[in-house]
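Structure assessment
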Amino acid sequence: MEEPLDLIRLSIDERVYVKCRNDRELRGKLHAYDQHLNMVLGDVEETVTTNEIDDETDEEIVKKATRKVGMLFIRGDIVVLVSPPLRTT
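Residues numbered from 1 in each chain as written. Predicted model: local features only at pLDDT ≥ 70, side-chain atom pairs only at ≥ 80, totals over all residues. Heavy atoms only, no water.

Before going further, it helps to spend a moment on the nonpolar core. Formed by 13 residues in total, the largest nonpolar core has its most connected members in Val18, Leu26, Leu41 and Ile74. Those elements that provide at least two residues to this core are strand S1 (15–20), strand S2 (24–33), strand S3 (39–53) and strand S4 (60–74). Excluding its chain neighbours within four sequence positions, the residues that come into contact with Leu26 are Val16, Tyr17, Val18, Cys20, Leu41, Val44, Glu45, Glu46, Leu72 and Ile74. (Core = buried A, V, L, I, M, F, W, Y, C linked by side-chain atoms within 4.5 Å. Buried < 20%, exposed > 50% of the residue type's maximum accessible area, 1.4 Å probe, protein only. Helix = DSSP H or I, 4+ residues; strand = E, 2+ residues; numbered from the N terminus. Contact = heavy atoms within 4.5 Å.)

Ordered in space as S4-S3-S2-S1-S5, the five strands form an open sheet in which the pairing is antiparallel. With partners counted over all chains shown, the strands left at the sheet margins are S4 and strand S5 (79–83), one partner each. When the angles between neighbouring strand axes are averaged without regard to direction, this sheet yields 25°. With six bridges connecting them, S1 and S2 associate as antiparallel partners. When the bridges of S2 are listed, Lys19 appears paired with Glu25. (Pairing = 2+ DSSP bridges. Axes fitted to C-alpha atoms, helices over the stretch in contact; angles between N-to-C directions.)

On to the pairing of S4. Examined bridge by bridge, S3 and S4 share 14 bridges and lie antiparallel to one another. Bridged to Glu52 within S4 is Ile61. Once S3 ends, the chain turns through six residues before running back antiparallel as S4, passing Asp58 with a positive phi of about 60°.

Right, let's get into the pairing of S3. Pairing of S2 with S3 involves eight bridges; the strand directions are antiparallel. Note that in S3 the partner of Ala32 across the bridge is Val40. Counting the residues in the hairpin turn of S2 and S3 gives five residues, including Leu37, whose phi is positive at 65°.

Structure (structure tokens):
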């Protein structure tokens, strides 16, 4: 490996974890990417976490919404972290 994107190149056709801005997480099979971290993922599970304040008790309520998407294009400027699959040698 010579460059950071080499790690992502090795993850093509593997399931990756992508953390995005606005408390959004994606898990899916990496089909393509470019130098801007624009990505195409397949068989994606998207999880969006929202925090709300209960007006009566002033307690924070954390809600998670999950959906499955067949194919998804991710614009690179929202990507915070890309984690390749766990490799055991």
